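Below, each chain spelled out in residue letters.
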Amino acid sequence: MPTIACHTLGCKVNQYDTQAMLELFLQRGYTPGSMEEEADVYLLNTCTVTGTGDKKSLQMARRLKRLHPGSRLILCGCLAQKSGDSLLSRTGADLILGTQRRAEVVDLLEQVLSDGKPRCAVEPLAQGVPFESLRISYQEEHTRASLKIQEGCDNHCTYCIIPKIRGNFRSVPMEVLIKEAKELVANGVKELILVAQETTVYGKDLYGKKTLPKLLDALNEISGLVWIRILYCYPEEIDDELIAAIKRNTKVCHYLDIPIQHASDEILRRMGRRTSRQELEDIVALLRREIPDICLRTTIISGFPGETQEHHEDVWHFVNDTEFDRLGVFTYSCEEDTPAALMENQVPQEIKEIRRTELMELQQEIAFEKAEDRIGDRFLVMIEGSLPEDGVYIGRTYMDAPNVDGYIFVKTEKALMTGDFIDVVVTEANEYDLIGEPEDEYCK
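Residues numbered from 1 in each chain as written. Predicted model: local features only at pLDDT ≥ 70, side-chain atom pairs only at ≥ 80, totals over all residues. Heavy atoms only, no water.

Undergrad: Is there a simple way to explain the packing of helix α7 (residues 174-186) against helix α9 (residues 212-220) in this structure?
TA: Any two packed helices are characterised by how steeply their axes cross, that is the angle between the axes, and by the distance between the axes. Remark: α7 packs on α9, axes separated minimally by 10 Å, with the N-to-C direction vectors making an angle of 30°. By the angle between their axes, α7 is roughly parallel relative to α9. Where α7 crosses over α9, the two elements pack in a sense that is right-handed. Contacts from Met 174, Leu 177, Ile 178 and Ala 181 of α7 reach α9 at Lys 214, Leu 215, Ala 218 and Leu 219. Tallied by class, residues from the contact of α7 with α9 come to seven nonpolar, no polar and one charged. (Axes fitted to C-alpha atoms, helices over the stretch in contact; angles between N-to-C directions. Helix = DSSP H or I, 4+ residues; strand = E, 2+ residues; numbered from the N terminus. Parallel < 35°, antiparallel > 145°, perpendicular 65-115°, else oblique. Left-handed = near helix turned anticlockwise from the far one by under 90°. Contact = heavy atoms within 4.5 Å. Nonpolar A, V, L, I, M, F, W, Y, C, P; charged D, E, K, R; others polar.)

Written out as structure tokens, the structure is:
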């Protein structure tokens, strides 16, 4: 049987799409392969949100074709949608697949195999395109899975190309999501991670109002599910109804990923964002007042066009005062065909890097102090693996989203399995990570 090896660059939405396409191949008789070994087909899901994403996608595509000239290469995702058939000659790929034809991936590859002719299957985006019916039913990791609740975006921030690549905002019907979630949990998934370009406005197009709270209520009723995690919440859409849903549904992690991008009113306006600094402060204060143990993650862009040293210092003081639990900083990347790319006063790369470093050094101090403050606290921990040579298990608390946040290392003689949940007391802090012992073994 032919083998298919997949690799994802970019966000968790891309990761979901890769898994969905892999399932189509498995249903047609392919077997999963490894990117480190020879495979008959390599599928690379590309990213183009930043210049770095473009570069990594192209480099990896060329490397795969160079190392495995006899294998077939499929390029899909955001860079594929943006660059289209030019990628055929630039990478030597056999199939370029846009963001609207993922469900046809196996058939399109079979056509390539039949006549030997490379193909580009990229269609111009059209408004009103319904959600894609391509869904997933299991995860190789088994214990956690993403649940893509929405596709596209209507926000049109001035630095972002996503609406031109993914199309307009469109929600997945709730009955489809509940069916998918139940199948995933039946196959061993313990944690569902809700992903979208903007989760907070889920359902507005289908039901006439934001329906994320109702979706959380329904997911919370699924037997066997332990955690529900919400990512990509635009701050201006967080309201009392959503907060109430997080509070009443015990399976919903007290964790929100809120991309604010900046804290200077002038730069926020230039970015096309819909919040002011005061509104951001108010939203954070509201969340912490209503959900005292909430863990807040955010992202910031340094060096946006027109950003002065004064604007940068505004952000620095905001981060210092707000003390986010998790924070990532990215240098502004000039994306072709976005309004920001044409703005005056582009910031030199060297200055962007300096400002990013200053913010990250500040956040490092905040994160290390918060980790120290958690010594003695008790957390429910999901086991994700082990380090036998160190005699510890690797786990995550509700505060740790996979692949972006830290870990808690559990010292115990117990025999634990991936997917187990155990109560752990934090005994030490090691920079971003925690160290602990099972509560029933902990000696004060």
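Undergrad: In this structure, what is going on with the side chain of Glu 335? I would like to understand it.
TA: Mapping Glu 335 onto the fold places it in the loop between β14 (326-331) and α14 (349-373). With near-sequence residues (within four places) excluded, Glu 335 lies in contact with Thr 48, Val 49, Thr 50, Gly 51, Lys 82, Tyr 159, Ile 161 and Ala 341.

Undergrad: Hey, could you run me through the sheet that holds strand β19 (residues 433-438) in this one?
TA: Remark on secondary structure: sheet strands pair via backbone hydrogen bonds, oriented parallel or antiparallel. With respect to topology, five strands assemble into a closed barrel ordered β15-β16-β17-β19-β18, the strand pairing being mixed. Each adjacent strand pair in this sheet contributes to an overall mean axis angle of 50°, direction not counted. Judged from the six bridges that link them, strand β18 (residues 421-430) and β19 form a sheet pairing that is antiparallel. Bridge pairing in β19 places Val 425 opposite Glu 437. (Pairing = 2+ DSSP bridges.)

Undergrad: What's the story with the nonpolar core in this structure? I'm lost.
TA: A general trend in soluble globular proteins is that nonpolar side chains are found buried together. Counting residues in each nonpolar core, the largest one holds 73 residues, and the members touching the most others are Leu 194, Leu 215, Leu 216, Leu 219 and Leu 256. Leave out the neighbours within four places in its chain, and Leu 256 touches Ile 230, Cys 233, Ile 238, Ile 246, Leu 287, Ile 294, Cys 295, Leu 296 and Arg 297. One finds Val 13, Val 381, Ile 422 and Val 426 within the second-largest nonpolar core, a separate group that totals 25 residues. (Core = buried A, V, L, I, M, F, W, Y, C linked by side-chain atoms within 4.5 Å. Buried < 20%, exposed > 50% of the residue type's maximum accessible area, 1.4 Å probe, protein only.)

Undergrad: What should I look at first to understand the sheet that holds strand β6 (residues 119-121) in this one?
TA: The six strands lie next to each other as β2-β1-β3-β4-β5-β6, forming an open sheet whose pairing is parallel. Bordering the open sheet on either side are β2 (31-32) and β6, each of which pairs with just one other strand. With respect to the sheet, helix α2 (residues 51-67) is in contact with β1 (3-8), β3 (41-46) and β4 (72-77), its orientation differing from that of β3 by roughly 175°.

Undergrad: Sorry, what's going on with helix α5 (residues 105-115) here?
TA: Because an α-helix packs 3.6 residues into every turn, residues spaced three or four apart end up facing the same way. Taken residue by residue, α5 has Val 105, Val 106, Leu 108, Leu 109 and Val 112 as its buried positions. Burial along α5 is one-sided: seen end-on, the buried residues are contained in an arc of 165°. Each element contacted by the buried residues of α5 is listed here: α1 (12-27), β3, β4, β5 (95-97) and β6. Positive backbone phi, at 75°, marks Gly 116, one or two positions downstream of α5. (Arc of directions from axis to C-beta.)

Undergrad: Just to check I follow, could you spell out the pattern of salt bridges for this structure?
TA: Any two side chains of opposite charge can pair, given that their charged atoms come close. Applying the stated criterion to the full structure yields 38 salt bridges. Asp 17 serves as the salt-bridge partner of Arg 102, at 3.2 Å between the closest nitrogen and oxygen. Of this pair, Arg 102 sits in the loop between β5 and α5 while Asp 17 sits in helix α1, placing them 85 residues apart in sequence. A single burial state applies to Arg 102 and to Asp 17, both of which are buried. Between Glu 290 and Lys 247 there is a salt bridge whose closest N-O contact spans 2.9 Å. Remark: Lys 247 occurs in helix α10 (residues 240-248) and Glu 290 occurs in helix α12 (residues 277-290); sequence separation between them is 43 residues. Among the ionic contacts, a cluster of salt bridges with common partners joins Glu 198, Lys 210, Glu 236, Glu 237, Asp 239 and Arg 274. (Salt bridge = Lys/Arg side-chain N within 4 Å of Asp/Glu carboxyl O.)

None of this, on its own, says anything about what the molecule does.
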